[in-house]
Protein chains: 2
Amino acid sequence: MKLLEDRIRQDGTVLPGNVLKVDNFLNHQIDPQLMDQMGAEFARKFANMGITKVLTVESSGIAPAVMAGLHLHVPVIFARKHKSLTLTDNLYTAKVYSYTKQVNNDISIDRRFLDASDRVLIIDDFLANGQAVQGLFDIAETAGIAVAGVGVVIEKRFQKGHQLVEDAGVPLVALASIASFEDGQVVFAQD
Amino acid sequence: MKLLEDRIRQDGTVLPGNVLKVDNFLNHQIDPQLMDQMGAEFARKFANMGITKVLTVESSGIAPAVMAGLHLHVPVIFARKHKSLTLTDNLYTAKVYSYTKQVNNDISIDRRFLDASDRVLIIDDFLANGQAVQGLFDIAETAGIAVAGVGVVIEKRFQKGHQLVEDAGVPLVALASIASFEDGQVVFAQD
């Protein structure tokens, strides 16, 4: 999505360790017009696939997920992150390891909101190591529902999340796909 | 907002201790069409007030805040919640006590995203004791910016948050205002 690539070039900052900082329009300050356009693009890419719900994980996934849900006309569910719970009878839960924070968290979704007929689209802001997506895959498997696709705003294609989604046989859309960082500049993948 | 009151009557559940559960359309599963309509309503109520940014706190505030920002055509910033930090040079921070979780958290906003010319609209999903709003008031005061209004999806008017906003002299819009709970039913305030 050229609009997004331009915005990343203009407003993104590459920090040491291949960290791309886009907190001025994506995950701290949010540009709602851009989010709306990205939601429309996700809806276009995943049209006619029978998607019944959008799933994401709090917090940074919520804005793009809600916009995707708006344009797909389906409900959005955000999984909650928390320390491991003891009472989980009414929840689907999965473990998610955060490489940036180096902690294990559980994510959970209330069982009332998923049923076997659901076909879900997973949306997130970043796909890097794919831990959050894997957690949602785990929940989908436990709930017996189909994952129709994964849509991310930005993927770092050289990290293992991209391969993880491909290996699962799930269609993946990244609105911006980063092939590498060179001299502090983003190099986008050419598809 | 009648649409919202109807939805609360239809889908909300009143739990013991005056807890209104609306996690099937507001703060776990989200109805994006309803969010969009609520964002439009916030924009209508706070039109022509010179608002430059929408502020909220993660996570449940993000969806209504992004929709308000979309319709007001201004950026949205969500304050991040975390345990108290030691390094806060580049952050505005405030303490927020959570009555439901009985813990103190810090909330923070990167200093780069606020400047003295900003006039902000604070948006949140619930106004009960007003601790999150107070935290954002504190940040606004430290940053030297004006708070043009507070918009919440649902307020429990009988708790102290409503009075807190009024005492601050800040215009308050609640799309649904709960006067009381009677026999497990919601009684809306008549304005």
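Residues numbered from 1 in each chain as written. Chains lettered and ligands numbered in written order. Predicted model: local features only at pLDDT ≥ 70, side-chain atom pairs only at ≥ 80, totals over all residues. Heavy atoms only, no water.

- Per an unreviewed UniProt entry, chain A carries the name Xanthine phosphoribosyltransferase and comes from Levilactobacillus suantsaiihabitans.
- Listed under Subunit (unreviewed entry) in UniProt, the entry text for chain A is "Homodimer."
- According to its UniProt record, chain A has this under Pathway (unreviewed entry): "Purine metabolism; XMP biosynthesis via salvage pathway; XMP from xanthine: step 1/1." (UniProt positions renumbered as here; feature names shortened; annotations may be inferred.)

1. Re the UniProt feature "binding site: 5-phospho-alpha-D-ribose 1-diphosphate" (unreviewed entry) in chain A
Residue and element names in this part refer to chain A.
And step 1. Mapped onto this numbering, the UniProt entry gives "binding site: 5-phospho-alpha-D-ribose 1-diphosphate" (unreviewed entry) at A128, N129, G130, Q131 and A132.
And step 2. Among the secondary structure elements, G130 is positioned in the loop between β8 (119–127) and α4 (131–143).
And step 3. Residues within four places of G130 in sequence aside, it is in contact with G161 and L164.
And step 4. Among residues more than four places away in sequence, those in contact with A132 are V57, V96, I107 and D124. (Helix = DSSP H or I, 4+ residues; strand = E, 2+ residues; numbered from the N terminus. Contact = heavy atoms within 4.5 Å.)

2. A look at the interface of chain A and chain B
And step 1. Contacts between the two partners involve 34 residues from chain A and, on the opposite side, 34 residues from chain B.
And step 2. Across the interface of chain A and chain B, roughly 2800 Å² is buried in total on both sides, 58% from carbon and sulfur atoms.
And step 3. Here D23(B) ties to R112(A) by a salt bridge, and the two come within 2.7 Å at their closest N and O atoms.
And step 4. Our count for the chain A to chain B interface comes out at 19 residue pairs in polar contact (both at pLDDT 80 or more).
And step 5. When residues of the side of chain A that touches chain B are assigned to their parent elements, the largest contribution, six residues, is made by helix α3 (residues 62–72) of chain A.
And step 6. Taken together, the residues of the side of chain A that touches chain B break down into 15 nonpolar, ten polar and nine charged.
And step 7. Two elements, strand β3 (residues 29–30) of chain A and strand β5 (residues 76–82) of chain B, share two bridges in a ladder whose sense is antiparallel. Bridging from a neighbouring strand, I30(A) pairs with V76(B) of β5(B). (Buried area = accessible area lost by both parts, 1.4 Å probe. Salt bridge = Lys/Arg side-chain N within 4 Å of Asp/Glu carboxyl O. Polar contact = N/O pair within 3.5 Å; in protein donor to acceptor, adjacent residues only side chain to side chain. Nonpolar A, V, L, I, M, F, W, Y, C, P; charged D, E, K, R; others polar. Pairing = 2+ DSSP bridges.)

3. Some thoughts on helix α3 (residues 62–72) of chain B
All names here are of chain B.
And step 1. Burial of α3 is extensive: ten of the eleven residues sit out of reach of the surface.
And step 2. Of all the residues in α3, the buried ones are I62, A63, P64, A65, V66, M67, A68, G69, L70 and L72.
And step 3. Looking one or two residues beyond α3, the residue adopting positive phi is H73, at roughly 60 degrees. (Buried < 20%, exposed > 50% of the residue type's maximum accessible area, 1.4 Å probe, protein only.)

4. Description of the packing of α3(A) against helix α2 (residues 32–45) of chain B
And step 1. At their nearest, the axes of α3(A) and α2(B) sit 8 Å apart, and the two run at 105 degrees to each other. On the basis of their axis angle, the class for α3(A) and α2(B) is roughly perpendicular. Side by side, α3(A) and α2(B) meet where V66(A), G69(A) and L70(A) of the first sit next to P32(B), Q33(B) and D36(B) of the second.
And step 2. Of the residues that constitute the contact of α3(A) with α2(B), the class distribution is three nonpolar, two polar and one charged. (Axes fitted to C-alpha atoms, helices over the stretch in contact; angles between N-to-C directions. Parallel < 35°, antiparallel > 145°, perpendicular 65-115°, else oblique.)

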